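Architecture and fold: a report
One-letter residues, chain by chain:
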Amino acid sequence: MNFKGLLSTKEYEFLHTDPRLGNRIILLGVTGSYGYGTEREGSDIDFRGITLELPSDLIGFTEFEQFEDRETDTVIYGFNKIIRLLLSCNPNTIEILGIEPEKYVIRTDIGQELLDNRDMFLTKRAAESFGHYADAQLRRLQNAIARDSMSQPDREEHIIRSVKHALEDYNRRSGESDSGVTKLYIDDAVTEGLEKEIFIDGEMKHFPLRKYNDMMNSMNIVIREYDKIGKRNRKKDDRHLNKHAMHLVRLFMMGIDILKYQTIRTRRPDDELELLKSIRDGYYMKDSVLNEDFYKVVADYEKQFAEAEKVSTLPDSPDMNRVEEFVERINRRIVNEEI
């Protein structure tokens, strides 16, 4: 497919007319199924890229983080924001640095310089970021299946694991080491219509009400997802479940590449693609439930991922002096209107 030719079509005219894009874009490439190698007939084309901020974003009052065009599924990050995300080895953005060369439709000298220095973002932080994303993907799969095929007490067991994870995630994001929740547990239900339900014990003093509200919302989102009522489009949902299952395994594959081999490889090699496509096409699903063989595949990749983390020779954290020098040099040129 001629990806570069798409940039000349009316559908992608915004790339040339938006004042934050145009010749400010330093990288634009194909991700999603065409980037991973898992495309099939009718697959969407996903572009992801990076654009330089305006001088006023850096020394004035304007702000910019990213541009999105939902019609074409195009996302273009501001340079400063992408650097912050890359420093945490964010899976959704670090893949931009591992696209096959021929699938970059825009690559300026600064974009190439960023690619040449991508190793400065490769750290053991990938273990947490990729592991966290994979775990969240697995929970979404289990949640969807649990809503349809498990008894109410068993669903409650799934919910409590997800709620605990949501609470841990809230604490990590908010910088809280103790949110006041002392115990989450399952007991005989007091709510009508339930056999078992989750209870919470807590003790808090001088805890900000707004933070309390944020904490409870993060857990309530999980509950609402489980308790959604409505007819299930089984055929459509099965496709989505298989797609999520495929991406769960793909995340492990990419994380292993980074931790063990110190490389970013967005397109998966042919032997891995065979497995990924079989998951996507429903080989591991029967009666709308992922079978035992799928979870064996996941367990094997979890083991490989843990081993990759153990043997990784990557640094624990980025060399911030190197990163800051690179970012400052680029931003100084923007402010001086040299680029």
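Description of the structure in this document. For clarity, every value in this text was computed on a predicted model and none was experimentally measured. (Residues numbered from 1 in each chain as written. Predicted model: local features only at pLDDT ≥ 70, side-chain atom pairs only at ≥ 80, totals over all residues. Heavy atoms only, no water.)

1. Considering the side chain of H247
What counts is decided by this rule: The way it works is that DSSP assigns letters per residue, a run of H or I at least four long becomes a helix, a run of E at least two long becomes a strand, and they are numbered from the N terminus. Here's how the labels work: a residue is buried when its accessible area is under 20% of the maximum for its type, exposed when over 50%, partly exposed in between, all with a 1.4 Å probe on protein chains only. We call two residues in contact whenever any of their non-hydrogen atoms come within 4.5 Å of each other.
Inspection of the secondary structure puts H247 in helix α11 (residues 234–261). For H247, a relative accessible area of 15% gives the class buried. If near-sequence neighbours (up to four positions away) are discounted, H247 is found in contact with Y36 and Q137.

2. Some words on the side chain of N242
Among the secondary structure elements, N242 is positioned in helix α11. What makes N242 buried here is its relative accessible area of 6%. For N242, the residues in contact, after removing those within four places along its chain, are I279, R280, G282, M285 and L290.

3. Some thoughts on the packing of aromatic side chains
To keep it simple, the criterion reads: Pairing of aromatic side chains here covers Phe, Tyr and the six-membered ring of Trp, requires ring centres within 6.5 Å, and sorts the geometry by plane angle: under 30 degrees stacked, over 60 edge-to-face, intermediate tilted. Look at NZ for Lys and CZ for Arg. If either is within 6 Å of the ring centre and within 35 degrees of the ring normal, a charge sits over the ring.
The tally for this structure, following the rule as stated, stands at 10 aromatic pairs. A ring pair is formed by Y12 and F47, whose centres lie 5.4 Å apart and whose planes are at 85°; its orientation type is edge-to-face. Here Y12 is found in the loop between α1 (3–6) and α2 (14–17), whereas its partner F47 is found in strand β2 (residues 46–51), with 35 residues between them in sequence. Y12 sits in the buried class, given a relative accessible area of 4%. Judged by centre distance (6.1 Å) and plane angle (50°), the ring pair of F79 and F326 falls under tilted. One end of the pair, F79, is in helix α5 (residues 79–87); the other, F326, is in helix α14 (residues 320–335), and 247 residues separate them in sequence. The buried category is assigned to F326, whose relative accessible area is 2%. Taking the ring centre of Y185 as reference, the NZ or CZ of K183 above it sits at 4.7 Å. The ring centre of Y36 lies 3.7 Å from the NZ or CZ of R250, which sits over that ring.

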